[in-house]
Amino acid sequence: MKTLMMTLILLFSNNTFANYYEDINNLKQTIVSTAEKYQGRGDPEFKIQNELEPLVKKLLLLKPQGKVNDRLPLLFGVWKQVWGPYEYRKNDRGVDPTLNAKEIYQVISPDGFYYNVSPNMDAKTKKEKNINYLKGNYILSTKDSIGLDVKFVKFIGMKKRPTERPIYQYADEAERDQLPTQITVVPSLVVKLFFGGGTLREIYTDENLRILYGSNGSEFKNQYLYIMTRVKE
């Protein structure tokens, strides 16, 4: 009888854990598929973000997150933006016609910086003009335990898309100022003076999914939701 009870307890525990992980995986898949459905679309009325946020809240209830400092190693590497803001020069949550929404990457280094990597398109012809590499330095936020304060410092690019490797694999060359066909997109002095920065609030991180809010200020008004998936190199 005792052996039977132990067996039943183990079976119940295993089923409980199996259901728990199944719920998490199903939620993650739903979040990503919903984000993919809206890829490249602006969100001036917050309709898309309002659809995604309840799913994100459910995920956080199932898998609460600690301080960003404890999750930093998970952040290192290459992430692809599935959905998020597509206009950075205005505050209308529209779409920048020079941005290729299907190729937006963020390459995060353990050394306190990251690169936003994306093709720059001609607004009229939709042809690719160059590949952009925007560097931001980051530190742990002193105001938010899940925040990274960022400051943009350099903006360079490549005239031509390389054929040897994916564009996100050139972040090291960008850091050394050794990009093939390198150009200056915006002088560094101008970037440092006028691009500013903000805070990335890392609300969820695991091995293959990253969810965060981006904000230009410390008050976190009108936060932009990002859904990102890890790129397997």
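Our subject is the structure listed above.
Definitions and limits used
- Residues numbered from 1 in each chain as written.
- Predicted model: local features only at pLDDT ≥ 70, side-chain atom pairs only at ≥ 80, totals over all residues.
- Heavy atoms only, no water.
- Helix = DSSP H or I, 4+ residues; strand = E, 2+ residues; numbered from the N terminus.
- Buried < 20%, exposed > 50% of the residue type's maximum accessible area, 1.4 Å probe, protein only.
- Contact = heavy atoms within 4.5 Å.
- Phe/Tyr/Trp six-rings, centres within 6.5 Å; stacked < 30°, edge-to-face > 60°.
- Lys NZ or Arg CZ within 6 Å of the ring centre and 35° of its normal.
- Salt bridge = Lys/Arg side-chain N within 4 Å of Asp/Glu carboxyl O.

So, on to the environment of I183. Secondary-structure assignment places I183 in strand β6 (residues 182-186). For I183, a relative accessible area of 21% gives the class partly exposed. Through-space distance from the C-alpha of I183 to that of F155 is 9.1 Å; in sequence the pair is 28 residues apart. Dropping the residues within four chain positions of it, I183 is found in contact with N130, I156, G157, M158 and K159.

Right, let's get into unusual backbone geometry. Here the phi dihedral of F46 falls at roughly 65°; this positive angle occurs in a residue that is not glycine. By the element assignment, F46 lies in the loop between α1 (2-37) and α2 (47-62).

So, on to the packing of aromatic side chains. On inspection of all chains with the given rule, the structure shows four aromatic pairs. Geometry around F46 places R93 over its ring, the cationic atom sitting 3.7 Å from the centre.

So, about the pattern of salt bridges. All chains considered together, the criterion is met by 11 salt bridges. Note that E51 and K37 form a salt bridge whose closest N and O atoms lie 3.6 Å from each other. Residue E51 is located in helix α2, and its partner K37 is located in helix α1; the two are separated by 14 residues in the primary sequence. Relative accessible area serves as the criterion here: at 33%, E51 is assigned to the partly exposed category. Connected through salt bridges with shared partners, the residues E103, E128 and R161 form a single ionic network.

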